[in-house]
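Observations on the model geometry
What follows is each chain in one-letter form.
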Amino acid sequence: MGALAYYNIRKTRQDEMEHPPIGQFINVDGMRLHYIDKGKGDVVTLVHGNLTLAEDFLLSGIVDKLAERYRVIVFDRPGFGYSERPHRVWTPSAYAELLQKAFSQLAVEHVTVVAHSFASLIALDLALQYPALVEGLVLIAGYYYPTARADVFFMSFAAIPGLGDIMRYTITPPLTRLFLPGVLRWLFSPAPVTQRFEKGFPNSFAARPVQIGAEAEDSVLMVASAMKLEARYGELKLPIIILVGDGDKMVDIDRQSKRFHDEVPQSELIVIPGAGHMAHHTAPDQVVSAVDRVGSQGRKPATTDRKQEAASSWSSFS
């Protein structure tokens with residue numbers, strides 16, 4: 001066990017030397033957050049899901065496309081990529097508070113949020129806590145309601161205090177490096193893994209002990225977080241576009257995206273044929289188009305008549 005721990009620590013240092021940070025750092029409440037900031041204009045932020053990091057959106061091509069006419073900010077969530085993760089309970093609410101403070105430091109007053117998978121809960125919490133900040137949401141392959149998930153069960157062991165620490169510094173990193181390519185192919189399926197992602201995504205870097213721990217802790221809180229948030233979805237008033245692949249094997253479309261669309265009248269649901277859980281790689285142009293539409297809708301004057309007009313317009317998509 002000691003030899004494995006020593007090897008994994010050395011491997012982490014090697015991976016960090018081979019994959020240095022490509023963005024900037026900001027200090028929020030004593031925590032270093034790594035982020036990428038490109039382009040000028042109205043602000044769009046992209047929030048990645050589990051297993052990945054900020055570069056996931058870079059490799060999809062979405063960041064470069066959006067940066068042609070927006071200011072695009074992509075954070076490594078705490079514990080992912082190069083962002084620190086202090087010991088605390090990282091609920092979607094805690095993530096939302098952190099993002100709000102980061103936006104304040106970056107002089108961002110209004111933002112359109114694009115979130116993938118688990119991060120959909122963070123985006124929704126951010127919109128509910130800070131409605132004056134968030135203009136619109138684009139939610140990709142989101143998780144909204146407390147239903148059973150296999151990844152929650154398998155990741156729960158690495159989140160157990162003591163045992164989890166031992167696991168993620170010994171046996172879990174080599175197992176993650178071994179199985180991650182297959183897991184990613186499953187997440188992309190029925191679409192193939194894009195060539196750009198396959199060549200550019202740092203599998204070994206994403207298998208470091210700190211990121212494994214962050215993924216495990218976020219996974220075990222997922223069901224409870226959705227249970228807490230679902231009671232407040234009726235408070236959402238901003239425009240929302242939901243994108244999901246019709247072949248998504250991670251989330252059940254009917255029990256998640258379609259139900260959320262039915263319960264949030266101003267939302268639009270787009271089902272992408274032939275796409276899986278990584279739909280933003282399979283159909284990046286649809287994500288960019290969704291940002292254009294929710295951003296312009298969210299920036300309309302917030303008069304009562306305008307809100308009613310927007311709700312009527314968005315509900316017509318259903």
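Residues numbered from 1 in each chain as written. Predicted model: local features only at pLDDT ≥ 70, side-chain atom pairs only at ≥ 80, totals over all residues. Heavy atoms only, no water.

A word on the sheet that holds strand 5 (residues 111–116). Strands pair in a sheet through their backbones, by hydrogen bonds, and they do so in one of two ways: parallel or antiparallel. Across the sheet, 8 strands lie side by side as 1-2-4-3-5-6-7-8; this open sheet has mixed pairing. Of all strands in the sheet, those with a lone pairing partner are strand 1 (24–28) and strand 8 (267–272), marking the two edges. Sheet twist, expressed as the average angle between the axes of neighbouring strands with direction ignored, equals 25 degrees. Across 6 bridges, the pairing between strand 5 and strand 6 (residues 134–140) is parallel. Bridge pairing in strand 6 links V114 to V138. Its contacts with the sheet place helix 4 (residues 92–105) against strand 1, strand 2 (31–38), strand 3 (43–47), strand 4 (71–75) and strand 5, and it is angled at close to 115 degrees to strand 1. Where helix 5 (residues 119–129) meets the sheet, it contacts strand 3, strand 5 and strand 6, and its direction lies at approximately 165 degrees from that of strand 6. (Pairing = 2+ DSSP bridges. Helix = DSSP H or I, 4+ residues; strand = E, 2+ residues; numbered from the N terminus. Axes fitted to C-alpha atoms, helices over the stretch in contact; angles between N-to-C directions. Contact = heavy atoms within 4.5 Å.)

This paragraph deals with the pairing of strand 6. The element strand 6 is extensively covered by neighbouring structure, given that 7 of its 7 residues are classed as buried. Chirality of the crossover, the property in question, places the unit of strand 5, helix 5 and strand 6 among those that are right-handed. Looking at chain direction, strand 6 and strand 7 (residues 240–245) are connected through 4 bridges and run parallel. When the sheet's bridge partners are listed, L139 is paired in strand 7 with I242. (Buried < 20%, exposed > 50% of the residue type's maximum accessible area, 1.4 Å probe, protein only. Right-handed = clockwise from strand over helix to strand, strands pointing away.)

Turning our eyes to something else, we now look at the pattern of salt bridges. Here the structure, examined in full by the defined rule, presents 16 salt bridges. Here K65 and D285 are joined by a salt bridge, their closest N and O atoms 3.2 Å apart. Highlighted residues: K65 in helix 3 (residues 62–66) and D285 in helix 14 (residues 284–298), separated in sequence by 220 residues. Under the relative-accessibility criterion, K65 is labelled partly exposed at 31%. One salt bridge connects R259 with E263, and the closest N-O pair in it is separated by 3.0 Å. Within this pair, R259 and its partner E263 are both found in helix 12 (residues 254–263), separated by 4 residues, close to a single helical turn. Residues joined by salt bridges that share partners form a network here, namely R77, R85, E217 and D218. (Salt bridge = Lys/Arg side-chain N within 4 Å of Asp/Glu carboxyl O.)

Once that is clear, we can look at the packing of aromatic side chains. Counted according to the given criterion, the structure contains 10 aromatic pairs. Ring geometry for F75 and F103: centres 5.9 Å apart, planes at 70 degrees, overall edge-to-face. In this pair, F75 sits in strand 4 while F103 sits in helix 4, placing the two residues 28 residues apart along the sequence. Each of the two residues, F75 as well as F103, counts as buried. (Phe/Tyr/Trp six-rings, centres within 6.5 Å; stacked < 30°, edge-to-face > 60°.)

Of all residues in the chain, 92% have pLDDT values of 70 or greater, and the mean over the chain is 91. Of the regions scoring below 50 in pLDDT, residues 302–318 engages in 22 contacts with residues more than four places distant in sequence or in other chains. (pLDDT = per-residue confidence, 0-100.)

Examined against the element boundaries, D218 turns out to sit in helix 10 (residues 209–220). Excluding residues within four positions of it along the chain, D218 makes contact with N50, R77, F80, R85, W90, Y95 and F118.

The next subject is helix 14. Compared with an ideal rise of 1.5 Å per residue, which puts 15 residues at 21 Å, helix 14 spans 21 Å between its outermost C-alpha atoms and is within 8% of the ideal. Residues of helix 14 that are buried include every one of P284, V287, V288, A290, V291, V294, G295 and Q297, and no others. (Expected span 1.5 Å × (residues − 1).)

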